[in-house]
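# Chain and residue survey
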Amino acid sequence: MEIKEFIENFASQFDDTPMEEFKAETQFRDLDEWSSLIALSIIAMVDEEYDVTLKGDDMKAANTIEELYQIVKSKL
Amino acid sequence: MLENQHLNHLSYAIDLCDEAAISTMVKDIPVINGCSNNAGITKLTPIQFITPEEIERIHKVNLVAPMMLTKHLVKCKKLAKPSSIVFTASAGGVFVASLGNAVYATSKCGIDGYMRTVALELAPKGIRCNSVNPGMVETPLINRGQVSAEQHEKDKENYPLGRYGKPEDVAFATIYLLSDASSWMTGTALKIDGGLTLK
């Protein structure tokens, strides 16, 4: 799993946020479009793409996309 | 597990997704006065991630199993006249929509439609059929980690009575619907939701 691909998959859960706003260091909760439904979609995307089950607490523990990537990587 | 032998209770552990096992159990039991269909599973899945496998997994337990159990009870004439069937449906889907809940909601709306049809078909036999429709209840079903404890606490603010349900809140309503205290009720979806759907 590469972080570039993870960022692309993460970004594809959003409709209106420009791709250039999604970087490893992006604090995703600060994005205007962030919502509880997008949080659920990220969990479902990680399940579908990486066969990793994220818990609500895993999402809570991550502030940046890279931190979430590392959590997913640790569960592979 | 019912172990009071003086009351001649029987217990069976079967896979509700196995229709042959349901059929075998139903043939084995005596005529009964009530049936509570309570098994259920869920997983929050936004629409773009729904798969046929996930629909099948959840609907098999939540919808097909109670349909088949009821079918075999009726076919084998194992329901007394009068008797009462209770389905555990949900406020979710039937009375309120929530994010990521589409597969579970469709299974419970299916139960709602089935419950009303069974109520109509079996009324001439004196067999009543109703459902309990709970909001969020403190059971392992809602504590699988998909939603954090913090998010659950926030969600409780949507409940005018200030808390999620307890299993006994639903159990007492089920007992009521099984008992003669509800003998003129059939085809009713009974909301037990701490006021959630008042808003």
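Cut-offs applied
Residues numbered from 1 in each chain as written. Chains lettered and ligands numbered in written order. Predicted model: local features only at pLDDT ≥ 70, side-chain atom pairs only at ≥ 80, totals over all residues. Heavy atoms only, no water. Helix = DSSP H or I, 4+ residues; strand = E, 2+ residues; numbered from the N terminus. Rg over C-alpha atoms; globule rule 2.2 N^0.38 Å. Buried < 20%, exposed > 50% of the residue type's maximum accessible area, 1.4 Å probe, protein only. Areas by Shrake-Rupley, 256 points an atom, 1.4 Å probe, with all protein chains shown as cover. Salt bridge = Lys/Arg side-chain N within 4 Å of Asp/Glu carboxyl O. Contact = heavy atoms within 4.5 Å. Buried area = accessible area lost by both parts, 1.4 Å probe. Nonpolar A, V, L, I, M, F, W, Y, C, P; charged D, E, K, R; others polar. pLDDT = per-residue confidence, 0-100. Axes fitted to C-alpha atoms, helices over the stretch in contact; angles between N-to-C directions. Left-handed = near helix turned anticlockwise from the far one by under 90°. Pairing = 2+ DSSP bridges. Core = buried A, V, L, I, M, F, W, Y, C linked by side-chain atoms within 4.5 Å.

For the rest of this paragraph, the subject is the overall build of chain A. Along its length, chain A carries four helices and zero strands. Reading chain A from its N end, one meets helices and strands in the order α-α-α-α. Taking 2.2 N^0.38 as the reference for a compact globule, 76 residues should give roughly 11 Å; the C-alpha atoms of chain A span a radius of gyration of 11 Å, in line with that estimate. Seen along its three principal axes, the alpha-carbon backbone of chain A occupies a region of about 30 × 25 × 20 Å. Residue burial in chain A is summarised as follows: out of 76 residues, 49% are buried. Surface summary for chain A: the accessible area is close to 4200 Å², and the carbon and sulfur share equals 44%.

So, about the pattern of salt bridges. This model, assessed by the stated rule, comprises twelve salt bridges over all chains. Notably, a salt bridge pairs Glu 8 of chain A with Lys 4 of chain A, separated by 3.2 Å at the nearest N-O pair. One end of the pair is Glu 8 of chain A and the other is Lys 4 of chain A, both in helix 1 (residues 3–11) and four residues apart, which spans about a single turn. Lys 4 of chain A gets classed as exposed once you look at its relative accessible area, which sits at 59%. Each of Glu 138, Glu 153 and Lys 156 of chain B takes part in a single network of salt bridges with overlapping partners.

Contacts between chain B and chain A engage twelve residues on the former and 14 residues on the latter. In total, chain B and chain A occlude about 1100 Å² of area from one another, counting both sides; carbon and sulfur atoms represent 59% of this. Linking chain B with chain A are two salt bridges. We note a salt bridge from Asp 47 of chain A to Lys 43 of chain B, for which the minimum N-O separation is 2.5 Å. Residues belonging to the side of chain B that touches chain A are distributed by class as follows: four nonpolar, five polar and three charged.

Glancing now at the environment of Val 137 of chain B. Residue and element names in this part refer to chain B. Tracing the chain through its elements places Val 137 in the loop between strand 3 (127–134) and helix 4 (149–155). Looking at Val 137, the relative accessible area reads 13%, which means it is buried. For Val 137 and Lys 166, which are 29 residues apart along the polypeptide, the C-alpha to C-alpha distance reads 5.5 Å. Sequence-distant contacts of Val 137, defined by excluding residues within four places in its chain, comprise Ile 142, Gly 165, Lys 166, Pro 167 and Val 170.

Take the confidence of the model for chain A next. When pLDDT is averaged along chain A, the result is 94, and 100% of the positions lie at 70 or above. Element-level mean pLDDT values for chain A span from 88 in helix 3 (residues 56–61) of chain A up to 97 in helix 4 (residues 65–74) of chain A.

The next point concerns the packing of helix 1 (residues 19–28) of chain B against helix 2 (residues 52–75) of chain B. All names here are of chain B. The contact between helix 1 and helix 2 brings their axes to 9 Å, and the two run at 35°. Note that helix 1 runs across helix 2; the crossing there is right-handed. Mapping the contact onto sequence places Glu 19, Ile 22, Ser 23, Met 25 and Val 26 in helix 1 and Ala 65, Met 68, Leu 69, Lys 71, His 72 and Leu 73 in helix 2. Grouping the constituent residues of the contact of helix 1 with helix 2 by class yields seven nonpolar, two polar and two charged.

Residues and elements named next belong to chain B. Ordered in space as 1-2-3-4, the four strands form an open sheet in which the pairing is parallel. Each of the sheet's edge strands pairs with one partner strand only, and the pair in question is strand 1 (32–37) and strand 4 (189–192). Taken pair by pair, the neighbouring strands of this sheet meet at an average axis angle of 20°, ignoring direction. Note: strand 2 (residues 79–88) against strand 3, six bridges, orientation parallel. Pairing of Thr 88 across the sheet is with Val 132, part of strand 3. Across the face of the sheet, helix 5 (residues 167–178) comes into contact with strand 1, strand 2, strand 3 and strand 4 while running at roughly 165° to strand 3.

Further remarks concern the nonpolar core. Membership of the largest hydrophobic core comes to 28 residues, with the highest contact counts inside it found for Phe 6 and Phe 10 of chain A. Where this core is concerned, the elements lending two or more residues are helix 1, helix 2 (36–50) and helix 4 of chain A. It is helix 2 of chain A that contributes the most residues to this core, eight residues altogether. Those residues within four positions of Phe 6 of chain A in sequence are excluded, and the remaining contacts are Met 1, Met 45, Val 46, Tyr 50, Ile 65, Leu 68, Tyr 69 and Val 72 of chain A. Formed by 21 residues, the second largest nonpolar core is a distinct cluster that contains Tyr 114, Met 115, Ala 119 and Ala 189 of chain B.

Moving on, we get to unusual backbone geometry. With omega at 5°, the peptide bond leading from Lys 81 of chain B into Pro 82 of chain B counts as cis. Unusually for a residue other than glycine, Asp 51 of chain A sits at a positive phi of about 55°. Of note, Asp 51 of chain A is situated in the loop between helix 2 and helix 3. With a phi close to 55°, Lys 77 of chain B is a non-glycine residue in the positive phi region. For Lys 77 of chain B, the position within the fold is in the loop between helix 2 and strand 2. Assessed through its relative accessible area of 65%, Lys 77 of chain B is described here as exposed.

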